[in-house]
Amino acid sequence: MKHIKRRERESSEIRRKIIEAARSLFLNQGYAEVSMRKIADQIEYSPTTIYHYFSNKEAVVRELLLEGNALFLKALQQRAEEAQAAGLDALDSLKTVSDAYVRFGMANPEYYNILFISDLESVSLVSLIDSGRFKGFELLETGLKAAMEEGCIIQGDEHLIARSVWSMLHGLTSLLLNFELPMAKSNDELISFTIDTFFRGLSR
């Protein structure tokens, strides 16, 4: 029994090494330039070992997307649940979920890049309709609808407004990940100010 558990643990560790190596290679070299052999070389295993865990490069991408989407959605849902437990109104809950979006990107820059910038989904069988990105967008739409019903923000097409909010969050996250912003005293201050200012423009 101990032997089986040790083998399972070792197998899990190798699988994790493959995923982490592939994630870094895809982002630094681009999908087309990365081969299964390169992934194997990165972790100093034979290509045969890699194929034992993943049938091809597309299968590795699929695993990355599934994992990244799950982490992203969990981050948003967790903050939404915390806001509800704290008794926040719909507008403050929206700000909380929006903050969670940016924080996810800052804490997980490689996954953020994979999910929202590199377009790896185009070579995967992961459907957008089932992804954490899409469900995260739905969570935002639901929050906007609740804020409209409470009279916190202007009435309108929650789908259109959600796209606008998402665009703001993506722009802010991308800037924080890729550029030094000399005018900001701190990232925390910039995130809070940007989100508050944007939603103030939607307030009634």
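Residues numbered from 1 in each chain as written. Predicted model: local features only at pLDDT ≥ 70, side-chain atom pairs only at ≥ 80, totals over all residues. Heavy atoms only, no water.

- The name that an unreviewed UniProt entry assigns to the protein chain is TetR/AcrR family transcriptional regulator, with the source organism given as Paenibacillus ottowii.

Let's talk about the overall build of the protein chain
Move 1: Looking only at helices and strands, the protein chain has 9 helices and 0 strands in total.
Move 2: Along the protein chain, helices and strands appear, N-terminal first, in the series α-α-α-α-α-α-α-α-α.
Move 3: The burial tally for the protein chain puts 39% of its 204 residues in the buried class.
Move 4: Excluding contacts between residues fewer than 6 apart, the proportion of contacts in the protein chain whose partners are at least 24 apart in sequence is 69%.
Move 5: Of the accessible surface of the protein chain, which amounts to about 11700 Å², a share of 51% is contributed by carbon and sulfur atoms. (Helix = DSSP H or I, 4+ residues; strand = E, 2+ residues; numbered from the N terminus. Buried < 20%, exposed > 50% of the residue type's maximum accessible area, 1.4 Å probe, protein only. Contact = heavy atoms within 4.5 Å. Areas by Shrake-Rupley, 256 points an atom, 1.4 Å probe, with all protein chains shown as cover.)

Looking at the pattern of salt bridges
Move 1: Going through the model one piece at a time under the given rule, you end up with 8 salt bridges.
Move 2: Close ionic contact of R103 with D99 constitutes a salt bridge, the shortest N to O distance being 3.3 Å. In this pair, R103 and D99 are both assigned in helix α5 (residues 90–107), 4 residues apart and thus about one turn of the helix distant.
Move 3: Of the charged contacts, one joins D188 and R103 as a salt bridge, the two residues approaching to 2.6 Å between their closest N and O atoms. With D188 in helix α9 (residues 187–202) and R103 in helix α5, this residue pair connects regions lying 85 residues apart in the sequence.
Move 4: For R103, a relative accessible area of 30% puts it in the partly exposed group. (Salt bridge = Lys/Arg side-chain N within 4 Å of Asp/Glu carboxyl O.)

Quick word on the packing of α5 against α9
Move 1: Where α5 contacts α9, the two axes come as close as 10 Å, and the packing angle between them is 140°. In terms of axis orientation, α5 runs oblique to α9. Crossing geometry of α5 relative to α9 is assigned as right-handed. Contact residues: α5 offers L91, L94, K95, S98, D99, V102, R103 and M106, while α9 offers N187, D188, I191, I195, D196 and F199.
Move 2: Split by residue class, the contact of α5 with α9 holds 7 nonpolar, 2 polar and 5 charged. (Axes fitted to C-alpha atoms, helices over the stretch in contact; angles between N-to-C directions. Parallel < 35°, antiparallel > 145°, perpendicular 65-115°, else oblique. Left-handed = near helix turned anticlockwise from the far one by under 90°. Nonpolar A, V, L, I, M, F, W, Y, C, P; charged D, E, K, R; others polar.)

Describing the side chain of T173
Move 1: Tracing the backbone shows T173 in helix α8 (residues 158–178).
Move 2: Of note is the side chain of T173, whose polar atom sits 2.7 Å from the backbone oxygen of L169.
Move 3: Residues contacting T173, with those up to four places away along its chain left out, are Y101, V102, G105 and Y112. (Polar contact = N/O pair within 3.5 Å; in protein donor to acceptor, adjacent residues only side chain to side chain.)

Here's the deal with unusual backbone geometry
Move 1: Its identity as a non-glycine residue notwithstanding, E44 has a phi of 60°, on the positive side.
Move 2: Looking at where E44 falls in the secondary structure, it is placed in the loop between α2 (36–42) and α3 (47–53).

Some words on α5
Move 1: Its 18 residues give α5 an end-to-end C-alpha distance of 25 Å, which sits within 8% of 26 Å, the value for a rise of 1.5 Å per residue.
Move 2: Of all the 18 residues making up α5, 13 are buried; the element is thus mostly covered by neighbouring parts of the structure.
Move 3: Capping the start of α5 is the job of one residue whose side-chain oxygen sits 3.2 Å from the backbone nitrogen of L91: D89. (Expected span 1.5 Å × (residues − 1).)

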